[in-house]
Amino acid sequence: LLKRALFDNDDEVRDRATLHLTQLAGAAGGPEAVRPSLELNLSAMEGALNAYLAADDTQQPFDVSTVPKVAPAAKPHKPPGGLMAAAGGVTAAAAGSAAAGGAAAAGAAGGAGTGAAAGYSSQYEAIIKARPEFASLGPLFKSCTPVRLTEEDTEYAIHAVKHVFPEHLVLQFDCTNTIAEQRLENVSVMLDLADAPDFEAETVLPLASMPLNEVGQCFSVLRRPAGLSAGKMGCVLKFTVKEIDPSTGEAEEEGYEDEYQVRAAPCAGHSDRET
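Evaluated as defined, the whole model comprises 11 salt bridges. Glu 12 is paired through a salt bridge with Arg 16; the nearest N and O atoms lie 3.1 Å apart. Within this pair, Glu 12 and its partner Arg 16 are both found in helix H2 (residues 11–24), separated by 4 residues, close to a single helical turn. Lys 242 is the salt-bridge partner of Glu 185, the closest N and O atoms lying 3.1 Å from each other. Here the residue Glu 185 occupies a position in strand S5 (residues 182–192), and Lys 242 occupies one in strand S9 (residues 229–243), the gap between them amounting to 57 residues.

A word on the state of the cysteines. Enumeration over the complete set of coordinates arrives at 0 disulfides. Free of any disulfide, Cys 175 has its nearest neighbouring cysteine sulfur in Cys 218, separated by 3.9 Å. Taking the relative accessible area as the measure of exposure, Cys 175 reaches 0% and is therefore buried.

This part is about the nonpolar core. Of all hydrophobic cores here, the largest spans 29 residues; its most connected members are Phe 173, Met 233 and Leu 237. Of all elements in the fold, only strand S3 (156–164), strand S4 (168–177), S5, strand S7 (207–210), strand S8 (215–223), S9 and strand S10 (256–269) reach the threshold of two or more residues within this core. Per element, the largest residue contribution to this core is 5 residues, and it comes from S9. Setting aside chain neighbours within four positions, we find Leu 237 in contact with Tyr 156, Ile 158, Cys 175, Val 187, Ser 188, Val 189, Asp 258, Glu 259 and Tyr 260. In terms of nonpolar packing, the next biggest core, distinct from the first, is built from 8 residues, Leu 137, Phe 165, Val 170 and Val 221 among them.

Moving on, we get to empty space enclosed by the protein. Under the counting rule described, the total for this entry stands at 1 cavity of 30 Å³ or more. Roughly 40 Å³ of internal volume is contained in the largest cavity. For the largest cavity, the full set of lining residues is Val 147, Leu 149, Ala 160, Lys 162, Ala 265 and Pro 266. Where the lining of the largest cavity is concerned, the elements lending two or more residues are S3 and S10. Of the residues contributing to the lining of the largest cavity, the split by class is 5 nonpolar, no polar and 1 charged.

We now examine unusual backbone geometry. Unlike most non-glycine residues, Asp 153 shows phi in positive territory, near 60°. Along the chain, Asp 153 falls in the loop between strand S2 (147–148) and S3. You will see that Asn 186, though not glycine, has its phi angle at about 50°, which is positive. Tracing the chain through its elements places Asn 186 in strand S5. For Asn 186, a relative accessible area of 47% puts it in the partly exposed group.

So, about the side chain of Ser 220. Secondary-structure assignment places Ser 220 in strand S8. You can call Ser 220 buried: its relative accessible area is 2%. Separated by 3.4 Å, the side chain of Ser 220 and the backbone oxygen of Val 189 make a polar contact.

Of the pockets and cavities examined, the largest pocket occupies roughly 550 Å³. Lining the largest pocket are 21 residues, with Arg 4, Phe 7, Asp 174, Val 215 and Gln 217 positioned closest to its centre. Put simply, the parts of the chain that give the lining of the largest pocket at least two residues each are helix H1 (2–5), helix H6 (102–129), S3, S4 and S8. Across the lining of the largest pocket, the residue classes tally to 8 nonpolar, 7 polar and 6 charged.

The subject of this paragraph is H2. In this model H2 runs 20 Å from its N-terminal to its C-terminal C-alpha over 14 residues, within 8% of the 20 Å that 1.5 Å per residue would give. Considered for burial, the residues of H2 that qualify are Arg 14, Ala 17 and Gln 23. Gly 26 sits one or two residues past H2 and shows a positive phi near 115°.

Procedures and definitions
Residues numbered from 1 in each chain as written. Predicted model: local features only at pLDDT ≥ 70, side-chain atom pairs only at ≥ 80, totals over all residues. Heavy atoms only, no water. Salt bridge = Lys/Arg side-chain N within 4 Å of Asp/Glu carboxyl O. Helix = DSSP H or I, 4+ residues; strand = E, 2+ residues; numbered from the N terminus. Disulfide = S-S within 2.5 Å. Buried < 20%, exposed > 50% of the residue type's maximum accessible area, 1.4 Å probe, protein only. Core = buried A, V, L, I, M, F, W, Y, C linked by side-chain atoms within 4.5 Å. Contact = heavy atoms within 4.5 Å. 1 Å grid on protein atoms, 1.4 Å probe; cavity = no way out; pocket = protein on both sides within 12 Å on 5 of 7 lines; lining within 4 Å. Points joined across faces, edges and corners; volume = space filled by probe spheres on them. Nonpolar A, V, L, I, M, F, W, Y, C, P; charged D, E, K, R; others polar. Polar contact = N/O pair within 3.5 Å; in protein donor to acceptor, adjacent residues only side chain to side chain. Expected span 1.5 Å × (residues − 1).

See the structure below:
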């Protein structure tokens, strides 16, 4: 989540994400700066605060030094026999566990995959709920895994995410510009539905501005048919290019329209489930 926040549109969010990643890596105060340990006895602190408020004398500040501290956590016990003996014990325990519960381990692996999919769904659900244009579409059934529509190391990075609603399919396009000499405005992805005739385009929500190395979203809303349907949608990225003045770093007032061909976005829909 922190790495994804590095591409947020807000400067402060990116700065905080950079700082916390640096701290978790061991610099700038280390992990403790992100996860500071509270050495106070919380129960005792609650009682002291209640007594302070009950005394009705808040002219003097609360003295936290009067709260007793908790004992430091005990260090894990090292088994006798050194490192090799400890490793042998762990290996034996792992082997016994695998022999006794192979099927359970396989089920746990499947659960991890389910958890990753749920993470994607909840992450993008927040984006959809933040857009009032989608409020009338009904409950969100599912958000699918992002699909990259451009090659690596190209001028633009485009990912498509499908959001399935009871009667609609919302295509979210995460767009990133990597060219320092230009800024893209009025960004949208136009769809060719010739190979997906069962879907009907309703609304296009463009991205107002896509500055350098930042992620922004544009959306296309489609009405999807009842029953099973599938196909591929041709995608063309359309935008207005404004050149950056190297002397000022500002974009020129006048721009020109351009487009960029990307991969087709697969689509599939069913009234009860997404395939």
